[in-house]
Every structure is written in C-alpha cells, then in structure tokens.
Amino acid sequence: MRIKKILLSLSLVAVGVASAFAPTTFLQPYDPVLRLPPAPEKDPLRFGANIEWGQTKSGYNWDSKTANVLRLYNDTQAFIPMLIGSVNNPAAAAIIRGLTAAYPGQPLDDGIRGHVKFNGEFEGWDITPHIRYVLPFDAIPGELAISAHLPIRWARVGSVTFEDQTKDNFAVDLDIRGYIHDTATLKNNVKTLANLDLNNWDATDLGDLVIMLDWMRDYPQEKESLKNVELHAKLGLRCPTGLEKDENKAFSIAFGNDGAWSIPFGLGLDLDFKSHISLGAEAEFEIIFDDNNKV
C-alpha cells in the first residue's frame with residue numbers, strides 16, 4: 001500500500017509561522033497532504049477530520065529574515081501618521097496642529113520619532129471535519145467525487161509588548177513620547193484618537209466552507225521500478241462563512257478569505273515506485289473575488 005494512502009483521516013500538523021496582521025498559515029482543508037484514501041466501491045462515502053495546532057513568536061519577513069509575528073510586514077508602527085489619518089477625530093487633529101505650530105519646519109515623523117516595535121505571540125488550532133462522496137458516473141473514467149470541508153478555528157494573539165523607538169534628542173521627541181511612553185498610555189491614546197484596540201485578541205469561530213469536486217485516475221505500469229501513475233484534478237467553491245477581521249482590533253485575524261468568495265482549483269501527478277515510495281507534484285491556484293468596497 002502506498003505511503004500517502006495509509007495516512008489516517010485524523011492528522012496532526014504543527015504550523016510554525018503566522019502573523020497577527022495577515023492570515024495564518026493553516027493548511028487549506030483540501031491540501032493534498034490531507035487527502036483521504038480512495039473509497040472502495042462498496043463504501044463510496046467517507047468522513048474524516050484534520051487537526052492542526054501551532055504556537056510561535058517568530059516567522060520570516062519579506063526579506064526572509066526572522067522577525068516577531070507582529071513585525072513580519074512592518075518592522076515598526078508609526079503613531080504620528082495614525083493621528084494624521086484620523087481625519088474625523090478633532091482631538092487627533094488638534095494634537096497635530098499643536099505639534100506643527102510648536103515645532104515649525106521640523107518633521108514630526110522622521111522614521112524613528114513616534115515609532116513603536118510590537119512583540120507578541122500567536123497560538124491557534126484548527127479542526128476541519130469533512131465528508132467525501134464518490135459519484136456513480138461510470139461514463140467518466142477514473143474516480144469523480146464531491147467533498148465538503150468546514151474548519152472550526154481558535155486563534156490567539158497575546159503577550160503583546162512594545163518598544164518605543166523615539167530618541168530624546170529634541171524637545172519634540174519628549175512631547176511625542178508623552179503619548180506613547182508606556183503600555184497603558186499608548187493603548188489609551190490609540191483607542192481614543194484612532195478607535196483602534198491594542199489589547200490581546202482571541203476568538204473561536206468557523207472558517208470558510210469549501211465544496212470541492214475532484215477527479216483522479218490510476219494508470220498501472222508494468223515497469224520494474226515504476227508501479228503506477230496517478231493523475232488528479234480539483235475544482236471548488238470557497239464560501240465566506242469564516243470570521244472576518246475586526247478592523248477596530250489591531251491583532252484580529254480573518255479565519256478565511258475575509259468575506260470574499262473564491263474558486264480554488266489545481267492538478268497534480270503522483271508516481272508510485274516499489275518499496276512503498278511515492279513522488280509527486282501538485283499545482284494549486286485560487287481566484288478570489290475580493291470586495292474592495294469594505295471599510
């Protein structure tokens with residue numbers, strides 16, 4: 001029996017990289033490493049569940065360097081541009097006007113002043129029940145099946161701390177540092193002036209429902225080493241049932257495509273050799289119909 005086909009339906013996979021500002025790296029529920037073994041003709045209906053768990057404080061940023069999970073996409077977060085962007089908050093506008101008047105000609109944000117480095121950790125688990133039914137279509141060679149996958153997820157971003165990067169070189173440094181000099185002050189000002197919550201975050205909810213149509217066919221070989229060639233393809237619909245990101249919570253994570261429908265599809269080739277050795281290649285794609293009008 002080939003190695004990949006004796007995988008248990010209940011699989012435990014450790015996930016090592018995630019970001020509080022981007023989707024996690026949970027495996028897709030239809031990932032080929034989680035594929036159920038083919039169902040026998042007398043039992044075309046299969047049930048299963050995949051389980052993943054991960055915990056980490058670091059990952060790889062855009063430069064392929066190790067960074068904290070809260071700094072994978074931006075090494076620092078800037079306080080002054082946040083105030084400038086809060087156009088509907090009179091208090092934020094008043095602070096900018098006061099600083100600009102008090103220090104004319106000086107850049108309020110020089111790349112260091114008012115910048116904060118966040119640190120934290122990510123933890124989460126994913127349980128994905130799924131069902132697969134082989135369709136009784138004899139006219140189509142191979143095995144054609146339909147499956148459904150619905151993840152149940154919990155994720156947490158916690159132990160959040162920060163490092164103020166502001167230097168005490170000028171009077172303007174001290175004034176700006178007054179708004180971010182400790183955790184309580186920073187959280188209070190960001191919440192009051194920009195309506196953004198910097199507290200730890202966790203949630204339990206559903207991921208995106210995936211309905212997948214897949215096809216596979218074996219081509220037995222009579223060669224000394226190569227025993228079988230399998231072709232497979234899939235086409236599906238990903239429904240936005242997953243928890244969406246809360247834009248007012250800095251560390252909130254979407255549990256799917258953040259409210260967008262999508263069409264995942266792919267194809268692959270598996271080669272089975274003697275001694276239960278298998279090699280293969282898989283190409284997967286996803287067309288996401290994003291909602292660009294979301295606020």
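Above: the structure in question.
Predicted model only: the values in this text are computed from it and were never measured.

Colleague: Please explain the pattern of salt bridges as it appears in this structure.
Modeller: Two side chains bearing opposite charge may form a pair once their charged atoms approach each other closely. Counting across every chain of the model gives 15 salt bridges. For Asp173, the salt bridge goes to Arg113, with nearest N and O atoms at 2.4 Å. Of this pair, Asp173 sits in helix H3 (residues 171–177) while Arg113 sits in the loop between helix H2 (90–102) and strand E6 (115–134), and the two are 60 residues apart along the sequence. In this structure, Asp173 and Arg113 share a single accessibility class: buried. Because the salt bridges share partners, they merge into one network encompassing Arg71, Asp75 and Lys117.

Colleague: What exactly am I supposed to notice about H2 here?
Modeller: Each full turn of the α-helix corresponds to 3.6 residues, which orients residues three or four apart in the same direction. Spanning 13 residues, H2 covers 18 Å between terminal C-alpha atoms, matching the ideal 18 Å at 1.5 Å per step. Burial in H2 covers these residues: Ala92, Ile95, Ile96 and Leu99. In an axial view of H2, the angular spread of the buried residues amounts to 95°, which keeps them on one side of the axis. Exposed and oriented more than 90 degrees from the buried face of H2 are Pro90, Arg97 and Ala101. Buried-residue contacts for H2 involve helix H1 (79–85), H3 and helix H4 (183–194).

Colleague: For this particular structure, what's the right way to read unusual backbone geometry?
Modeller: A positive phi angle is found at Ser159, which is not glycine, with a value near 55°. Here Ser159 lies in strand E8 (residues 152–164). Residue classification places Ser159 among the partly exposed positions, given a relative accessible area of 44%. Not every positive phi belongs to a glycine, and Asp258 is a case in point at roughly 55°. Relative to the helices and strands, Asp258 is located in the loop between strand E11 (226–239) and strand E12 (261–273).

Thresholds applied
- Residues numbered from 1 in each chain as written.
- Predicted model: local features only at pLDDT ≥ 70, side-chain atom pairs only at ≥ 80, totals over all residues.
- Heavy atoms only, no water.
- Salt bridge = Lys/Arg side-chain N within 4 Å of Asp/Glu carboxyl O.
- Helix = DSSP H or I, 4+ residues; strand = E, 2+ residues; numbered from the N terminus.
- Buried < 20%, exposed > 50% of the residue type's maximum accessible area, 1.4 Å probe, protein only.
- Expected span 1.5 Å × (residues − 1).
- Arc of directions from axis to C-beta.
- Contact = heavy atoms within 4.5 Å.

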